[in-house]
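What follows is the residue order along each chain.
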Amino acid sequence: MRRLVVVVVLLALGAGMAYGLNAGLRLSWEPVQVMPEPSAVAPARPLVEPAVGAVTMNRRTGRLDLAARAVTAAGGGDGVLKVVVTGDGSDESYRLDGLTLTAATEAGAAAGLYDVADALRSKRALPSGRVAPALGLRLTDAGSVGREPEPWDTTDYSLNTDIVTGALLPSAPWVDAAAVERIGAQFRQFIDHSAAQGYNGVVIPGFLEYVTFDGHGVYSPGDPHLDRARAMVSAFRPVFEYAARMGMRVYFMTDMLALSEPLDAYLARRDDPWPIYQAGLRELFASMPFASGLMIRVGEGGSAYRAPGWDYFSRIAVTTPAQVRAMLRAFLAVAAETDRDIIFRTWTVGVGAVGDLHTNPDSYGEVLGDLDDPHLIVSTKFTLGDFYSHLPLNSTLFSGGQRRIVEFQGRREFEGFGSLPNDLTALHAYALRELMARNPRIEGVWLWTQDGGPLRAGPRTLYLRTGFWQLYDLNAYGMGRLARNPATEPASITADWVRRTFSDDPATVAALCRMFALTREAVTKGLYLTPYADNSVKALGLEPPPMMWIFEWDIVTGDSAVLNSIYAIGRDAVDHTIADGHRAVTLARSQRALVSATPASRWYDPALRTQLLDALDFQADLYGTLASYREMFLRRAQWLDTGSSSARARWQSAAAEFSAARDAHVARYGDRLDLPAYNFTAADLGSERFDRDPLMAWLARALLALLLLSLLIPSLRTLWRAALMPWRAASVPRYALLLPAGVLVLSRGILTWFAAPAHLIVTLGCWALFALACFILVKRSPYALLTVLGGVALLRCALLLAVLSVRGPGYYWFAFWTSPTARSLYVTIGFALFAWLFVATAAVLRTAYDWSRPRALGAVTLAAGLPVLFLGALLWSLGLERSLTVWNDQLALLPWGLHRILGIVTYLDIPTSLPLWLTALGATLTLLGTAFITTLRPSLTLPSRPPSPSAQR
């Protein structure tokens, strides 16, 4: 009865472990209502020839002169536009009656001039009557300012966005004057272009690098941070002030906590970090008096955002509602002193108690609900997640008493970094109209022209300067129009932009508009797997994005967790998902045919036609490669799920197609910087392993058959009996112990496709340490003990091999990730057998060696502690992130890109102190076990009886 209780207890422990694991994985999904993807082609209209050739103004300023030059550059007629400015202020409205433009302010006059210039350039009728922008705050990022085309590394996934680091010197005078002038010229070019598109504000990365904290003891006298910050202010204040002179509001932007090494040390000695940041903000506003405010992000940061060559960095440390509110109140108090704004971004990557602030209205309400301050603006992405397609509108934008702005991205980082034709105008129009209808507190937009994701991992395109940046200029132009008048028909905006940028030939415009009208369907089918993407998925306490098979940007993933989960969610629509991939290729070819049919002579610049055709060729090639890959992994998962011979044949056929397509894609685009090949490293790592599944299954079956045959051999059958009844253990011949040792090694090799030495070293090393400790403790005639250990190892291996023999290790992990029932059953039994090892070891020590119960417990504790100590020390010495990366790369369990981007430890919120905990636990168990054994040594207990004759064999 007692033995039955032990078995029940062990199974209960296994069930508890399974429950905890299931709770930790938490894979679930539910359909969501994603945003529609409207698409239309504007009807042909007659071209309106320019009627303005000159401008007269009753007021002359640099801002108005620049706007007037935009009109004369776009015009060419005989008419003269008369501009009358009647007052001062910030009102951007104007009135146009014929060729007379009247505005109460310089801001209104500039807006009217730019609208006239746009109408002339796109050859449409001039506006008439009173015109006023619907949204008063229209921000952009800083474009490509400060980023240089050389060097360019498409595998660089660093996320730093500073625009001034190219001008830094390692010593006095700290700043390179020539580099400052170069950055200044780029900045002026960008500001002029943005103002012409209707934007009235710019967000510039930077805060701490312009601050000395003078008089607060952060930096000691002579610290280079002091002189460098002063030099930075002196050099870049006139650069950024240009934007203010051109009527743009200037916001600086920083992560919190923003740190330098001395500031980090300073804060370590204080409980409240915000007084020193308040001092820094006051200093920034004093040294940059034109600044309109500061933008703050708390939900992302770390080493990936650090610029090479200096010690400013960020840390995700503001992670609770109370901390966020304390921070905002501190900064808002400073903003109120000089009537500036604090823009708080709700974006987070899921870390901490405010990790879902961006997507959860309840969290938004908890953090910001009653924080109503006239100087607070809350900025939120329009998507319920990151800038992906197949997402709902962000419901946190539907409410809230704060001033709100909506974030949009023109150069979609997850959709080719702007290398693919991707007209977002209709989608942005839908989102903006819906949000403005739901929330009257929305007063602006923030459009990213270049920012988002790593700045060099994609194509070498720099807005306004390098590469085919015109493709995403369409989205910047479109948002500039929509933010002033959301009711504008998106298709007409696209057509106007085509006339401005490529050609005014009616047939060419019509063909290009039809091509752009197909872009969203091509992108959403070519880069997404609809049955998966149209669900809200949760796993590991996170909300994976709708494009997990391409894990962040251009890394095509090959891990079992993602690919099997994607299949499980859409297993009833595999054929439809595969057909979508082929449909995307067809659309891409149709798009190319439309463009290639246009005569080069009808384009303003035939080189742009060539670049567009190159982009469309790249798109078709990419979608074809991805189509073969999606078919390959979906058919493979289908075979793992069903065992269908048809699925297996289709998998292997698709694998051959993918291999050829990938090789061709990499050969064609691998060395190109303007259209770089996608990264298939992770996909290849996974495929190399999964392709071995059929062979591994046969090896597992053979090994399992060998175990069954061992039951017929008396000496080997003793191993099984000893495992089940360790209290009656009899030793076996030494050669018999080779069976469990060999099966243990081979079964773990099969589990890892013989491709994960790290896993084998840890697993086999822990088994070896446990057995070695027991061997040393017994000292003499240890074979009864080793027989029990070998028998338990056979039980564990038999369970593993039974699963592996179904369809190899791929099936093992498929069931683990996708079947809670199978996972629970396996973990329950597997953990019970794991715990049985310790029970059986204690039992054989008690019966075969006559050890007392405390002494046997001590031996088991010591033997169990050594592997834990070994594992902890190994992780500690190698580093937790590095260790997990090596293990994951070899087993292809989680996305390969995790480590390359945010880090496995950060992304999964694994405590960095885990190695220390394991080491401490292992040391504690080892010491406790040693204390038991030495305190209760044989001379103080009953004399040990010699092992039975059978145990001496």
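Per an unreviewed UniProt entry, the recorded name for the protein is Glycosyl hydrolase family 67 C-terminal domain-containing protein, and the organism is Paractinoplanes lichenicola.

Here we take up the overall build of the protein. Within the protein, the secondary structure is distributed over 31 helices and 17 strands. Expressed as lengths along the three principal axes of its C-alpha atoms, the size of the protein is roughly 115 × 70 × 50 Å. Counting the 953 residues in the protein, one finds 58% classified as buried. Excluding contacts between residues fewer than 6 apart, the proportion of contacts in the protein whose partners are at least 24 apart in sequence is 77%. Looking at the protein as shown, the accessible area adds up to about 36,100 Å², and 59% of this sits on carbon and sulfur atoms. For the protein, the distance from the average site of its 87 positive side-chain charges to the average site of its 83 negative ones is 10 Å.

We now examine the sheet that holds strand β5 (residues 100–103). Strand order in this open sheet of 5 strands is β2-β3-β5-β4-β6, and the pairing throughout is mixed. Bordering the open sheet on either side are β2 (52–57) and β6 (129–131), each of which pairs with just one other strand. Recorded for the sheet is a direction-independent mean angle of 20° between the axes of neighbouring strands. Note: strand β4 (residues 94–97) against β5, 3 bridges, orientation antiparallel. Paired with L96 across the two strands is L101, which belongs to β5. Lying on the sheet, helix α2 (residues 62–74) is in contact with β2 and β3 (79–85); it crosses β2 at an angle near 160°.

This part takes up the UniProt feature "transmembrane region" (unreviewed entry) in the protein. Per the UniProt record, the feature "transmembrane region" (unreviewed entry) sits at residues 695–714, 735–754, 760–778, 785–805, 825–845, 857–878 and 916–936. When the span residues 735–754 is considered, its composition is 70% helix and 0% strand, and the gap between its end C-alpha atoms is 25 Å. Note that residues 760–778 is 100% helix and 0% strand, and that its end C-alpha atoms are spaced 27 Å apart.

The subject of this paragraph is the side chain of N200. Turning to its location among the elements, N200 is positioned in the loop between α4 (177–196) and β8 (201–205). The exposure class of N200 is buried, given its relative accessible area of 4%. There is a polar contact of 2.8 Å between the side chain of N200 and the backbone oxygen of G136. Among the polar contacts listed, one links the side chain of N200 to the backbone nitrogen of R138, at a separation of 2.8 Å. Ignoring sequence-local partners within four residues, the contact set of N200 consists of E92, G136, L137, R138, G247, M248 and R249.

Turning to the environment of R438, a few remarks are in order. Within the secondary structure, R438 sits in helix α10 (residues 425–438). Classification of R438 by relative accessible area gives partly exposed; the value is 46%. Expressed as a C-alpha distance, the spacing of R438 and G201, which sit 237 residues apart in the sequence, is 24 Å.

The subject of this paragraph is the packing of helix α21 (residues 693–710) against helix α23 (residues 738–751). Direction vectors running N to C along α21 and α23 enclose 160°, while the axes themselves pass 10 Å from each other. Classed by the angle they form, the pair α21 and α23 counts as roughly antiparallel. Here α21 runs over α23; the crossing is left-handed. Residues M696, L699, A700, L703, L706, L707 and S710 of α21 pack against L739, V743, L746, S747 and I750 of α23. Class assignment for the residues of the contact of α21 with α23 results in 10 nonpolar, 2 polar and no charged.

This part takes up the sheet that holds strand β16 (residues 442–448). Overall, parallel pairing links the 8 strands, which are arranged β7-β8-β9-β11-β13-β14-β15-β16 in a closed barrel. Ignoring strand direction, the axes of neighbouring strands in this sheet form an average angle of 25°. Against the sheet, helix α11 (residues 470–484) engages β7 (137–140), β15 (403–409) and β16, with an angle of about 170° to β16.

Next up on the list: the environment of F213. Its place among the elements puts F213 in the loop between β8 and α5 (224–245). Sequence-wise, F213 and H225 are 12 residues apart; in three dimensions their C-alpha atoms are separated by 9.9 Å. If we skip the residues at most four places from it in the chain, F213 touches L208, V218, Y219, L263, I276, G280 and E283.

Here the focus is the pairing of strand β9 (residues 249–255). Of all the 7 residues making up β9, 6 are buried; the element is thus mostly covered by neighbouring parts of the structure. Pairing between β8 and β9: 5 bridges, direction parallel. Paired with V203 across the two strands is Y251, which belongs to β9. Each parallel crossover has a hand, and the one from β8 via α5 to β9 is right-handed. Note that β9 and strand β11 (residues 291–299) share 6 bridges and pair parallel. Among the inter-strand pairings, Y251 is bridged to a residue of β11, identified as G293.

Below, the discussion takes up the nonpolar core. Judged by nonpolar contacts, the single largest core of 161 residues is most densely connected at F236, F240, F252, M256 and Y277. Per-element accounting of this core gives the leading share, 10 residues, to α5. Those residues within four positions of F240 in sequence are excluded, and the remaining contacts are I163, V164, F187, I204, Y210, V250, F252 and F290. Judged by nonpolar contacts, the second largest core, of 143 residues, contains W753, A773, L801 and I933.

In this section: the packing of aromatic side chains. Between two aromatic rings, the relevant description is the distance of the centres plus the angle of the planes. Applying the stated criterion across every chain, the model contains 38 aromatic pairs. Between W274 and F331, the aromatic rings sit 6.0 Å apart at their centres with planes inclined by 65°, giving edge-to-face as the arrangement. Taken together, the residues span a long stretch of sequence, with W274 in helix α7 (residues 274–287) and F331 in helix α8 (residues 321–337) at a distance of 57 residues. Across this residue pair, the class does not change: W274 and F331 are buried. Ring plane angle 50° and centroid distance 5.6 Å describe the contact between Y629 and F633, whose orientation is recorded as tilted. Placement of the pair is Y629 and F633 together in helix α18 (residues 606–642), with a separation of 4 residues, close to one helical turn. Neither residue differs from the other here; Y629 and F633 are each classed as buried. Clustering of aromatic rings is evident, with ring pairs tying together F187, Y210, F236, F240 and F252.

On to helix α20 (residues 681–690). Here α20 has its buried residues at A682, A683, G686, S687, R689 and F690. The buried residues of α20 occupy an angular sector of 160° when projected down its axis, which confines them to one face.

Another point: the state of the cysteines. Structurally, a disulfide amounts to a covalent bond that connects the sulfur atoms of two cysteines. Overall, the coordinates contain 0 disulfides when judged by the stated rule. With no disulfide of its own, C797 lies 15 Å from the sulfur of C766, the closest cysteine sulfur.

In this section: the pattern of salt bridges. Throughout the structure, instances matching the rule amount to 42 salt bridges. Two residues, R124 and D118, come together in a salt bridge whose shortest N-O distance is 2.9 Å. On the basis of relative accessibility, which here comes to 5%, the residue D118 falls in the buried class. We note a salt bridge from D227 to R230, for which the minimum N-O separation is 3.2 Å. On the criterion of helical spacing, the pair formed by D227 and R230 is a turn pair, its members being 3 residues apart in helix α5.

A contiguous nonpolar patch, built from M1, L4, V5, V7, V8, V9, L11, L13, L825 and I829 and spanning about 910 Å² of accessible area, is present on the exposed surface. At the level of secondary structure, the elements contributing two or more residues to the nonpolar patch comprise α1 (2–25) and α26 (820–848). No other element matches α1, which puts 7 residues into the nonpolar patch. Tracing the backbone shows V9 in helix α1.

Here is what the cut-offs are and how they apply
- Residues numbered from 1 in each chain as written.
- Predicted model: local features only at pLDDT ≥ 70, side-chain atom pairs only at ≥ 80, totals over all residues.
- Heavy atoms only, no water.
- Helix = DSSP H or I, 4+ residues; strand = E, 2+ residues; numbered from the N terminus.
- Buried < 20%, exposed > 50% of the residue type's maximum accessible area, 1.4 Å probe, protein only.
- Contact = heavy atoms within 4.5 Å.
- Areas by Shrake-Rupley, 256 points an atom, 1.4 Å probe, with all protein chains shown as cover.
- Lys, Arg positive; Asp, Glu negative; His and termini not counted.
- Charge placed at Lys NZ, Arg CZ, Asp CG, Glu CD.
- Pairing = 2+ DSSP bridges.
- Axes fitted to C-alpha atoms, helices over the stretch in contact; angles between N-to-C directions.
- UniProt positions renumbered as here; feature names shortened; annotations may be inferred.
- Polar contact = N/O pair within 3.5 Å; in protein donor to acceptor, adjacent residues only side chain to side chain.
- Parallel < 35°, antiparallel > 145°, perpendicular 65-115°, else oblique.
- Left-handed = near helix turned anticlockwise from the far one by under 90°.
- Nonpolar A, V, L, I, M, F, W, Y, C, P; charged D, E, K, R; others polar.
- Right-handed = clockwise from strand over helix to strand, strands pointing away.
- Core = buried A, V, L, I, M, F, W, Y, C linked by side-chain atoms within 4.5 Å.
- Phe/Tyr/Trp six-rings, centres within 6.5 Å; stacked < 30°, edge-to-face > 60°.
- Arc of directions from axis to C-beta.
- Disulfide = S-S within 2.5 Å.
- Salt bridge = Lys/Arg side-chain N within 4 Å of Asp/Glu carboxyl O.
- Patch = residues over 30% accessible without salt bridge, like charges linked within 9 Å, V, L, I, M, F, W, Y side chains within 5 Å.

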